[in-house]
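# Descriptive analysis of the structure
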Amino acid sequence: NAGVTQTPKFRVLKTGQSMTLLCAQDMNHEYMYWYRQDPGMGLRLIHYSVGEGTTAKGEVPDGYNVSRLKKQNFLLGLESAAPSQTSVYFCASSYAGWETGELFFGEGSRLTVL
Amino acid sequence: AQRVTQPEKLLSVFKGAPVELKCNYSYSGSPELFWYVQYSRQRLQLLLRHISRESIKGFTADLNKGETSFHLKKPFAQEEDSAMYYCALIREETSGSRLTFGEGTQLTVNP
């Protein structure tokens with residue numbers, strides 16, 4: 001039982017390049033989330049999904065797109081990477097939304113944009 | 001605005017000393033608050049939630065509505081408590097509720 005798995009774990013991009021981060025969960029959770037973690041700013045919600053085929057914007061959605069074609073996968077895309085998107089990205093999932101407050105996190109993906 | 005604030009980015013204590021990680025919140029109703037912890041090279045995980053009134057790994061957190069605080073406390077810190085700690089609040093928005101995190105406090109427990 002792997003829980004929440006993120007790939008890749010590290011990536012270096014040049015400004016303007018595109019990439020996709022993949023999040024996979026094997027807990028049959030309905031809800032999935034993408035957060036970014038920056039020093040002094042905590043975790044900020046980028047996008048989230050309340051079920052297969054649905055997505056919604058979080059606090060900092062600009063410059064990112066997401067897709068949830070399969071229940072177990074939640075993809076985060078950067079169409080044209082910018083240095084401001086240098087961050088550690090965390091995917092998380094939960095069974096019943098935020099009500100319980102318990103999210104299950106992946107190990108994080110460190111992205112550097114030069 | 002509904003938010004949580006952790007005023008200390010860094011906190012350093014000696015092993016065996018008491019530790020208190022501060023969390024203040026602004027919320028108009030009855031808040032639901034949580035503490036998350038991230039140990040070195042491990043995943044972020046839920047430590048405790050105020051509604052459970054539980055003690056996990058010797059940590060407790062009491063909701064103080066008068067002071068709008070939810071400080072995390074432990075009477076005798078251990079080296080293995082060194083980690084990043086996040087306070088979190090369920091925030092209500094027109095689009096639904098969501099979990100919002102504070103800035104985080106890096107705790108170092110020195111031998």
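Below: a short report on this structure.

Definitions and cut-offs
- Residues numbered from 1 in each chain as written.
- Chains lettered and ligands numbered in written order.
- Predicted model: local features only at pLDDT ≥ 70, side-chain atom pairs only at ≥ 80, totals over all residues.
- Heavy atoms only, no water.
- Helix = DSSP H or I, 4+ residues; strand = E, 2+ residues; numbered from the N terminus.
- Rg over C-alpha atoms; globule rule 2.2 N^0.38 Å.
- Buried < 20%, exposed > 50% of the residue type's maximum accessible area, 1.4 Å probe, protein only.
- Areas by Shrake-Rupley, 256 points an atom, 1.4 Å probe, with all protein chains shown as cover.
- 1 Å grid on protein atoms, 1.4 Å probe; cavity = no way out; pocket = protein on both sides within 12 Å on 5 of 7 lines; lining within 4 Å.
- Points joined across faces, edges and corners; volume = space filled by probe spheres on them.
- Nonpolar A, V, L, I, M, F, W, Y, C, P; charged D, E, K, R; others polar.
- Pairing = 2+ DSSP bridges.
- Axes fitted to C-alpha atoms, helices over the stretch in contact; angles between N-to-C directions.
- Contact = heavy atoms within 4.5 Å.
- Buried area = accessible area lost by both parts, 1.4 Å probe.
- Salt bridge = Lys/Arg side-chain N within 4 Å of Asp/Glu carboxyl O.
- Polar contact = N/O pair within 3.5 Å; in protein donor to acceptor, adjacent residues only side chain to side chain.
- Disulfide = S-S within 2.5 Å.
- Phe/Tyr/Trp six-rings, centres within 6.5 Å; stacked < 30°, edge-to-face > 60°.

### A closer look at the overall build of chain B
Within chain B one finds zero helices and 11 strands. Reading chain B from its N terminus to its C terminus gives the helix and strand order β-β-β-β-β-β-β-β-β-β-β. Over its C-alpha trace chain B gives a radius of gyration of 14 Å, about what one expects of a compact globule, namely 13 Å for 111 residues. Dimensions along the principal axes, computed over C-alpha positions, put chain B at roughly 45 × 30 × 25 Å. Counting only residues that meet the buried cut, chain B has 46% of its 111 residues in that class. Accessible area of chain B: about 5600 Å², with a carbon and sulfur share of 49%.

### What about the layout of surface pockets?
All names here are of chain A. Of the voids in this model, the largest pocket is the one considered here, and its volume is about 740 Å³. Considering every element that reaches the lining of the largest pocket, the biggest residue donor is strand β11 (residues 109-113), with four residues. Counted by class, the lining of the largest pocket contains 10 nonpolar, 14 polar and eight charged residues. Taken as a whole, the second largest pocket spans an internal volume of roughly 160 Å³.

### Here's the deal with the sheet that holds strand β7 (residues 64-67) of chain A
Residue and element names in this part refer to chain A. Spatially, β1-β3-β8-β7 is the arrangement adopted by the four strands of the open sheet, whose pairing is antiparallel. The outermost strands of the open sheet, each flanked by one partner alone, are β1 (4-7) and β7. Here the strands of the sheet are splayed against their neighbours by 20° on average, with no regard to which way each runs. Where β7 and strand β8 (residues 73-78) come together, four bridges link them in antiparallel fashion. If you follow Asn 65 over to β8, its bridge partner there is Gly 77.

### Things to note about the interface of chain B and chain A
Contacts between the two partners involve 20 residues from chain B and, on the opposite side, 23 residues from chain A. For the pair chain B and chain A, the summed buried area comes to about 1800 Å², and 48% of that belongs to carbon and sulfur atoms. Scanning the region where chain B abuts chain A turns up one salt bridge. A salt bridge links A:Glu102 to B:Arg49, with the nearest nitrogen and oxygen atoms 3.3 Å apart. The interface formed by chain B and chain A includes nine residue pairs in polar contact (both at pLDDT 80 or more). Of the residues contributing to the side of chain B that touches chain A, the split by class is eight nonpolar, five polar and seven charged.

### Regarding the state of the cysteines
Residues and elements named next belong to chain A. Counted according to the given criterion, the structure contains two disulfides over all chains. Put simply, Cys 23 and Cys 91 are joined by a disulfide, and their sulfur atoms are 1.9 Å apart. The chirality of the disulfide connecting Cys 23 with Cys 91 is left-handed, given an S-S dihedral of about -75°. Of this pair, Cys 23 sits in strand β3 (residues 19-25) while Cys 91 is found in strand β9 (residues 87-94), placing the two residues 68 residues apart along the sequence. Relative accessible area serves as the criterion here: at 0%, Cys 23 is assigned to the buried category.

### Here's the deal with the packing of aromatic side chains
In this structure the tally under the stated criterion is 10 aromatic pairs over all chains. Note on A:Tyr35 and A:Phe105: the rings are 6.1 Å apart at their centroids and 45° apart in plane angle, and the pair reads as tilted. One end of the pair, A:Tyr35, is in strand β4 (residues 31-38); the other, A:Phe105, is in strand β10 (residues 104-105), and 70 residues separate them in sequence. With a centroid separation of 5.4 Å and 65° between ring planes, the pair formed by B:Tyr36 and B:Phe101 is classed as edge-to-face. Taken together, the positions of B:Tyr36 in strand β5 (residues 33-38) and B:Phe101 in strand β10 (residues 96-101) put the pair 65 residues apart, joining distant regions of the chain. Here B:Tyr36 and B:Phe101 have matching classes, each one buried. Among the aromatic side chains, those forming a connected cluster through ring pairs are A:Tyr33, A:Tyr35, A:Phe90, A:Phe105, B:Tyr36, B:Tyr86 and B:Phe101.

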